[in-house]
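# Observations on the three-dimensional arrangement
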Amino acid sequence: MTPIKECLLNKNTKVKPVWLMRQAGRYLPEFREIRKKNTDFIKLCLNPELSKEITLQPIKRFGFDAAVIFSDILMVPYGIGQFVEFKKNFGPQLGDLNNINLDKISEKEFTDNLAPVYKLLENLKNDSNLIGKDLIGFVGAPWTLMVYMINKVSPKNGLKENFFENEELIDKLLDVLDQFIKLHIKNQVESGASIIQIFDSWAGLINDKFDKFLYNPTKSLVNYTKQLGVPVICFPRNIKDYPKFCNIVNPDVISIDYNVDPRSIIDEISIPVQGGLDPDILLSDKKNLRQKVSEYLKIFNSHPYIFNLGHGILPTTEIDMVEELVKVVREFK
Ligand code: 1CP
């Protein structure tokens, strides 16, 4: 059994598996090398050979306990037929929703559009670098994907004023996303994903109608994934009430952001926990890193815990800081 399954199924509290969100990405010189020659990010995600190489890069370097496929949450809007591009030094830019008939999206076309992603999983599932490790597939949660689809650019500067204006469109998108995110989960599981993580990166922007935007849509995906026989990790970044989220949504693992006090979490949450460490700590020095990583390990000493960060690893992170992090987790007693 893999270290993560051991943690989830047997509630093993001794071994702390480790992987990092965004571990296959820009802080790796070997990734930047490939990226330089492949300026179209979507095309790179749809290239199963290069995506496989990128997925395995952090595994070969650091021996993490899980590989997370090199892909993006915005591949679902792409699969539905919305134009998506990633602009240098700007981020994602999506096309007009008016060009899509939301009542007539074909499941077959969606699966065909994303076939290279499923091929990537097929290619990885029996790879010798992943023996004894998990292969994590992922999706964006309906709220976060809807935010990108309507806002068309990153909401990092807040939502556009008229975001909630078209209620009909919002209701339609929530339905369509529920259907196609589930299809994307099913296709990934059938192609070899052994765990699914649901990224709700912009959940912190919800300040009203939590049932409609957060709890109901996420619970629907969690129940669906569980039925497929695969564990599901939820990362509802920056929400205020993680215990309430766990009570209602009940994922197999809750991934916490770095604003959460880990000490309070173990009293309030009984399911396995993942993550928490501020990615900025990896930009400090080794002494501070050792101290902060050990703190998390001590707090979660008797709780099933997967070591990870409270958000994605930053592009400016030095390789030897990641090596140190893995060493501290593995040697902790
Ligand atoms: O080289 C580049 O410029 C591309 C950078 C990059 C990478 C490496 C993007 C663009 N996406 C990815 C891969 C990616 N994205 C992975 C797989 C690799 C891994 O985890 O190791 C995953 C899981 C994601 C998920 C993702 N994409 C999220 C959820 C996690 C999070 O960070 O909150 C989000 C919000 C995205 C959107 C996205 N994709 C890329 C960027 C720069 C962004 C964020 C833009 C924004 O600020 O809104």
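Scroll up for the structure.
A short tour of the structure in this document, coming up. (Residues numbered from 1 in each chain as written. Predicted model: local features only at pLDDT ≥ 70, side-chain atom pairs only at ≥ 80, totals over all residues. Heavy atoms only, no water.)

A count of helical and extended segments in the protein gives 14 helices and nine strands. Overall, the C-alpha framework of the protein stretches about 55 × 45 × 35 Å when taken along its three principal axes. Relative to its full complement of 333 residues, the protein shows a buried share of 56%. The long-range fraction of contacts in the protein, counting pairs at least 24 apart against all pairs at least 6 apart in sequence, stands at 73%. In the form shown here, the protein has an accessible surface area of approximately 14800 Å², with 46% of it arising from carbon and sulfur atoms. Taken as two groups, the 43 positive and 43 negative side-chain charges of the protein have centres that lie 5 Å from each other. (Helix = DSSP H or I, 4+ residues; strand = E, 2+ residues; numbered from the N terminus. Buried < 20%, exposed > 50% of the residue type's maximum accessible area, 1.4 Å probe, protein only. Contact = heavy atoms within 4.5 Å. Areas by Shrake-Rupley, 256 points an atom, 1.4 Å probe, with all protein chains shown as cover. Lys, Arg positive; Asp, Glu negative; His and termini not counted. Charge placed at Lys NZ, Arg CZ, Asp CG, Glu CD.)

This next bit is on the site of the ligand. Not every one of the 23 residues close to the ligand is listed here, only the nearest: Arg35, Asp72, Tyr148, Ser154 and Ser201. Between aspartate 72 and the ligand, the recorded distance is 2.7 Å, taken from a side-chain N or O atom to a nitrogen atom. A distance of 2.4 Å separates an oxygen atom of the ligand from a polar atom in the side chain of tyrosine 148. Within the shell around the ligand, the residues separate by chemical class into 13 nonpolar, six polar and four charged. (Near = heavy atom within 4 Å. Polar contact = N/O pair within 3.5 Å; in protein donor to acceptor, adjacent residues only side chain to side chain. Nonpolar A, V, L, I, M, F, W, Y, C, P; charged D, E, K, R; others polar.)

The next thing to look at is the nonpolar core. The biggest cluster of nonpolar side chains holds 122 residues, and the ones touching the most others in it are Phe64, Ile80, Met146, Phe307 and Leu325. Looking at which element gives the most residues to this core, the answer is helix α9 (residues 167–191), with 10 residues. What isoleucine 80 contacts, discounting residues up to four positions off in sequence, is Ile100, Ile105, Phe110, Met149, Val176, Leu177 and Phe180. (Core = buried A, V, L, I, M, F, W, Y, C linked by side-chain atoms within 4.5 Å.)

By the definition in use, this model includes 17 aromatic pairs. Ring centres of phenylalanine 164 and phenylalanine 213 lie 5.9 Å apart, and the angle between their planes is 50 degrees; on these two criteria the pair is classed as tilted. With phenylalanine 164 in the loop between α8 (142–151) and α9 and phenylalanine 213 in helix α10 (residues 210–227), this pair connects stretches of sequence that are 49 residues apart. Their ring planes at 0 degrees and their centres at 4.0 Å tell us that phenylalanine 300 and tyrosine 305 sit as a pair that is stacked. Considered together, phenylalanine 300 and tyrosine 305 belong to a single accessibility category, that of buried residues. Within the aromatic cluster, the residues linked to one another by ring pairs are Phe31, Phe41, Phe70 and Phe86. Its guanidinium or amino end placed over the ring of phenylalanine 90, lysine 87 lies 5.5 Å from that ring's centre, counting from NZ or CZ. The lysine or arginine in question, arginine 237, covers the ring of tryptophan 202, its NZ or CZ lying 5.1 Å from the ring centre. (Phe/Tyr/Trp six-rings, centres within 6.5 Å; stacked < 30°, edge-to-face > 60°. Lys NZ or Arg CZ within 6 Å of the ring centre and 35° of its normal.)

What follows covers the pattern of salt bridges. Taken as a whole and judged by the stated rule, the model has 13 salt bridges. The salt bridge partner of lysine 5 is aspartate 134, with a shortest N-O separation of 3.2 Å. Residue lysine 5 is located in helix α1 (residues 3–9), and its partner aspartate 134 is located in strand β4 (residues 134–140); the two are separated by 129 residues in the primary sequence. Glutamate 295 is the salt-bridge partner of arginine 263, the closest N and O atoms lying 4.0 Å from each other. Taken as a pair, arginine 263 in helix α12 (residues 262–268) and glutamate 295 in helix α13 (residues 286–299) lie far apart in primary sequence, 32 residues in all. Among the residues examined, arginine 263 registers a relative accessible area of 48% and is labelled partly exposed. Look at glutamate 295 and you get partly exposed, because its relative accessible area is 30%. (Salt bridge = Lys/Arg side-chain N within 4 Å of Asp/Glu carboxyl O.)

Another aspect to go through is the packing of α10 against helix α11 (residues 242–249). Between α10 and α11, whose axes approach to 9 Å, the crossing angle comes to 50 degrees. Relative to α11, the element α10 is oriented oblique. The element α10 and its partner α11 pack so that their crossing is right-handed. When α10 is examined against α11, the residues Leu214, Tyr215, Thr218, Lys219 and Val222 are found in contact with a partner set consisting of Lys244, Phe245, Ile248 and Val249. (Axes fitted to C-alpha atoms, helices over the stretch in contact; angles between N-to-C directions. Parallel < 35°, antiparallel > 145°, perpendicular 65-115°, else oblique. Left-handed = near helix turned anticlockwise from the far one by under 90°.)

Further remarks concern the side chain of aspartate 257. By the secondary structure assignment, aspartate 257 is in the loop between β7 (253–256) and α12. Engagement of the side chain of aspartate 257 in a polar contact is seen with the backbone nitrogen of asparagine 238, the distance being 2.8 Å. In this structure the side chain of aspartate 257 is engaged in a polar contact, spanning 2.6 Å, whose partner is the side chain of tyrosine 242. Every residue in contact with aspartate 257, bar those within four places of it in the chain, is listed here: Phe235, Arg237, Asn238, Ile239, Tyr242, Gly276 and Gly310.

Considering the arrangement of structural elements, one finds leucine 145 in helix α8. Using a relative accessible area of 0% as the deciding quantity, one classes leucine 145 as buried. Excluding residues within four positions of it along the chain, leucine 145 makes contact with Ile73, Leu74, Val76, Pro77, Gly140, Leu177 and Ile181.

When we look at burial in α11, the residues that qualify are Tyr242, Pro243, Phe245, Cys246 and Val249. Angular distribution of buried residues about the axis of α11 spans 160 degrees; they occupy a single face of the element. Those residues of α11 that are buried lie in contact with α10, β6 (232–236), β7 and α12. Between the side-chain oxygen at the start of α11 and the backbone nitrogen of lysine 244 there is a gap of 3.1 Å, and the oxygen is on aspartate 241. Asparagine 250 sits one or two residues past α11 and shows a positive phi near 55 degrees. (Arc of directions from axis to C-beta.)

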